[in-house]
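Structural features, examined
For reference, the chains in residue letters:
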Amino acid sequence: MFELNAIRPAEILLPRQDVAPETWACVACDQYTSQPEYWRKVAEIVGNRPSTLNLMLPECDLKDSGTRVPKIHAAMAKALAEGLLEPAVRHGFVLCERTTASGVRPGLVCAVDLEDYDYAAGTLPLVRPTEQTIAARLPARLTIRRGAPVELTHILILMDDPDRTVLEPLLEKKDALRKLYDFDLMMGGGHLAGWAVEEETDLRAVDEALTRLREKLGPHPMLLAVGDGNHSLATAKAYWNEIREGLTAEERAHHPARFALCEIENIHAEALLFEPIHRVLTGAEAERLIEDWQAYAAARGMTLDSAGEGHAFLLVYPGGERKIVVRNPEGRIPCETIQKFLDAWLGAHPETEIDYIHGENTLRALAGRKGCVGFLLPEIDKRSFFEDVKTLGVLPRKTFSMGEAEEKRFYMEMKRI
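Residues numbered from 1 in each chain as written. Predicted model: local features only at pLDDT ≥ 70, side-chain atom pairs only at ≥ 80, totals over all residues. Heavy atoms only, no water.

**A closer look at the overall build of the chain**
Convention followed: Secondary structure follows DSSP: runs of H or I at least 4 residues long count as helices, runs of E at least 2 residues long count as strands, and numbering of each begins at the N terminus. Using C-alpha atoms as the atom set, the radius of gyration is obtained and then compared with a globule rule of 2.2 Å times the number of residues to the power 0.38. For the exposure calls, accessible area comes from a 1.4 Å probe over protein chains only, and a residue counts as buried if that area is under 20% of its type's maximum, exposed if over 50%, partly exposed in between. Note on definitions: a residue-residue contact is assigned when non-hydrogen atoms from the two residues lie within 4.5 Å. The accessible surface values rely on the Shrake-Rupley method and a 1.4 Å probe; as for residues, cover is taken only from the protein chains in view. Positive: Lys, Arg. Negative: Asp, Glu. His and the chain ends are not part of the count. Here the site of a charge means atom NZ of a Lys, CZ of an Arg, CG of an Asp or CD of a Glu.
When helices and strands are tallied, the chain shows 12 helices and 21 strands. On C-alpha atoms alone, the chain measures out to a radius of gyration of 22 Å, which is about the 22 Å that the 2.2 N^0.38 rule sets for 417 residues. Its C-alpha atoms give the chain principal-axis dimensions of roughly 60 × 50 × 45 Å. Looking at the chain as a whole, 55% of its 417 residues qualify as buried. A separation threshold of at least 6 residues defines the contact pool for the chain, and within that pool the share at least 24 residues apart is 78%. If you sum the accessible surface of the chain, you get close to 17800 Å²; carbon and sulfur atoms cover 50% of it. Across the chain, the mean location of the 50 positive side-chain charges is 3 Å away from that of the 65 negative side-chain charges.

This is how it looks when you write it as structure tokens:
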């Protein structure tokens, strides 16, 4: 079972019953990177309680990785040694439901076979990245993964299942499944509930539904596409590549590092909203930047306007905002057009820093600060998502987000690696 469909049942760990899930579960490490005050508030809420906050490194604190990573590894080992983490599912999945302001979003937590995933350009595996993988972002994550006895997951992987054949049959019988957790997430994260999927008939039904889905796709199918956590899955793959050559064939087949814990969601779920990822520059001045952008555009056969056909953006800066339409854009989608310009501009202005922001309100707050310029990108159409990935190969980095920051996946389940 499952050998042809890229996922596997797994032993899935959860904290023991006396641990409060409300302080155990924390949002993904790559959120609120420009808002350290969010993470300070989380630390206040958690206090001395057991929490995934102690088992991961928020990316706003990457500068402290030299001292923090050994403490994270030690905390993981201690959690296993003292029985803080227990096998909640011995061989199976976790069916979960995330409730946010947009509605209820179902998912299936499982192990993805890294032999069926590759982020290298030109490859056509069953599981594919949707955005450009930035090699420079992997070493810091690899430092955390090397020597870690367990992994937490915030990776969300999408499937294109318009007939709702994989997850939805499990949802119809969730009351017959063993409930694992049911609680409100901290800091406005909504609600999370989960059930164990471990009966052989249920596992087989998932495998058969995935097989039917794959067989509809023809040669070189893209069965699964990474929606969130592209670089986390790429890190897991890079780590597996590091160790696999030193293993026997039998060890390779079953080694836990070959499999990465992920959550699979159906792109057709109504509550699953796609949001553009905006950009904010620190150490920039709007009028000078616009002048440089006009020169950049003219040199490449483009023009900047305030209306008309093209790729449209809204610049936000202290005291104002301005709509800019790039006519005859060089990019295939708006994100590619703006990122090409920003890459060139940042190369000429090393004193300026860029950050990638989830949520219009957050972008506006940050871009209102002195010396900042924000770029609001247009909405994303998820209906064309799979076709866009197939056509473009990968989307430009930081093109889209599945929901806003508070809707991102919270760390809950864990797996040995």
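**Observations regarding the pairing of strand 12 (residues 259–266)**
In terms of burial, strand 12 is largely enclosed, as eight of its eight residues are buried. Neither face of strand 12 is exposed, since F259, L261, E263 and E265 on one face and A260, C262, I264 and N266 on the opposite face are all buried.

**Some points on the packing of helix 9 (residues 286–299) against helix 10 (residues 334–348)**
Here is the rule we go by: Here, axes are lines fitted to C-alpha atoms. For helices the fit covers the stretch in contact, and angles between N-to-C directions go from 0 to 180 degrees. To sort the angles, those under 35 degrees are grouped as roughly parallel, those over 145 as roughly antiparallel, those from 65 to 115 as roughly perpendicular, and the leftovers as oblique. Should the near helix be turned anticlockwise from the far one by less than a right angle, the crossing is left-handed, and should it be turned clockwise, the crossing is right-handed. When residues are grouped by polarity, Ala, Val, Leu, Ile, Met, Phe, Trp, Tyr, Cys and Pro land in nonpolar, Asp, Glu, Lys and Arg in charged, and all others, Gly among them, in polar.
The geometry of helix 9 relative to helix 10 is characterised by a closest axis approach of 11 Å and an angle of 110° between their N-to-C directions. Considered as vectors, helix 9 and helix 10 are oriented roughly perpendicular to each other. For helix 9 against helix 10, the interelement crossing comes out right-handed. Residues L289, D292, W293 and Y296 of helix 9 lie in contact with helix 10, whose contacting residues are I338, K340, F341, A344 and W345. For the contact of helix 9 with helix 10, a count of residues per class yields seven nonpolar, no polar and two charged.

**Details of the packing of helix 4 (residues 138–145) against helix 7 (residues 230–244)**
One can describe the packing of helix 4 onto helix 7 by two numbers: an axis separation of 9 Å at closest approach and a directional angle of 65°. Helix 4 and helix 7 meet at a crossing whose hand is right-handed. Packed against helix 4, whose contacting residues are L138, R141, L142 and R145, the element helix 7 presents H231, S232, A234, T235, A236, A238, Y239 and E242 at the interface. For the contact of helix 4 with helix 7, the class distribution of residues is six nonpolar, three polar and three charged.

**Considering helix 11 (residues 360–367)**
To be explicit about the condition: For this quantity, the arc is that covered by the directions from the helix axis to the C-beta atoms.
Residues of helix 11 that are buried include every one of L363, L366 and A367, and no others. The buried residues of helix 11 all sit within an arc of 95° when viewed along its axis, so they share a single face. In helix 11, the exposed positions that point more than 90 degrees away from the buried face belong to N361 and A365.

**Remarks on the packing of aromatic side chains**
Just so we agree on the cut-off: Pairing of aromatic side chains here covers Phe, Tyr and the six-membered ring of Trp, requires ring centres within 6.5 Å, and sorts the geometry by plane angle: under 30 degrees stacked, over 60 edge-to-face, intermediate tilted.
Counted under the stated rule, the structure contains 12 aromatic pairs. For the pair Y117 and Y119, a centre-to-centre distance of 6.3 Å together with 50° between the ring planes defines the contact as tilted. Ring geometry for W293 and F341: centres 5.1 Å apart, planes at 10°, overall stacked. Here F341 lies in helix 10 and W293 lies in helix 9, a separation of 48 residues in the sequence. The class of F341 is buried, set by a relative accessible area of 1%. Chaining the aromatic ring pairs together yields one cluster made of W293, Y296, F313, F341 and F375.

**Some points on the nonpolar core**
Quick note on the threshold: Buried Ala, Val, Leu, Ile, Met, Phe, Trp, Tyr and Cys residues form a nonpolar core when they are joined through side-chain atoms within 4.5 Å.
Ranked by size, the top nonpolar core spans 52 residues in total, and within it W24, W39, L180, Y181, M412 and M414 carry the most contacts. By residue number, the principal contributor to this core is strand 4 (residues 85–100), which donates five residues. Setting aside chain neighbours within four positions, we find W24 in contact with P15, V19, P50, S51, T52, L55, L84, L85, Y411, M412 and M414. Residues L114, W195, L247 and A260 belong to the second largest nonpolar core, which totals 44 residues.

**Examining the side chain of N5**
Test applied: N or O atoms closer than or at 3.5 Å make up a polar contact, with two conditions inside protein: a donor-capable atom paired with an acceptor-capable one, and, for residues adjacent in sequence, both atoms drawn from side chains.
As for its position among the elements, N5 is in the segment before strand 1 (7–8). At a separation of 2.8 Å, a polar atom in the side chain of N5 contacts the side chain of T211. Only 2.9 Å separates the side chain of N5 from the side chain of R214, close enough to count as a polar contact. Leave out the neighbours within four places in its chain, and N5 touches L126, D207, L210, T211, R214 and L223.

**Description of the pairing of strand 4**
Under the convention used in this document: Only when DSSP finds a minimum of two bridges between them are two strands counted as paired.
The pairing of strand 2 (residues 10–15) with strand 4 spans five bridges and is classified as antiparallel. Within strand 4, the position partnered with P15 by the bridge is L85. One ladder, built from seven bridges, connects strand 4 with strand 10 (residues 191–197); its direction is antiparallel. Note on strand 10: the bridge partner recorded for R98 is L192. The pairing of strand 4 with strand 5 (residues 103–113) spans seven bridges and is antiparallel. Looking across to strand 5, one finds that L95 is bridged to L108. Linking two consecutive strands that pair antiparallel, namely strand 4 and strand 5, is a turn of two residues.

Any functional reading would require information beyond the geometric quantities listed.
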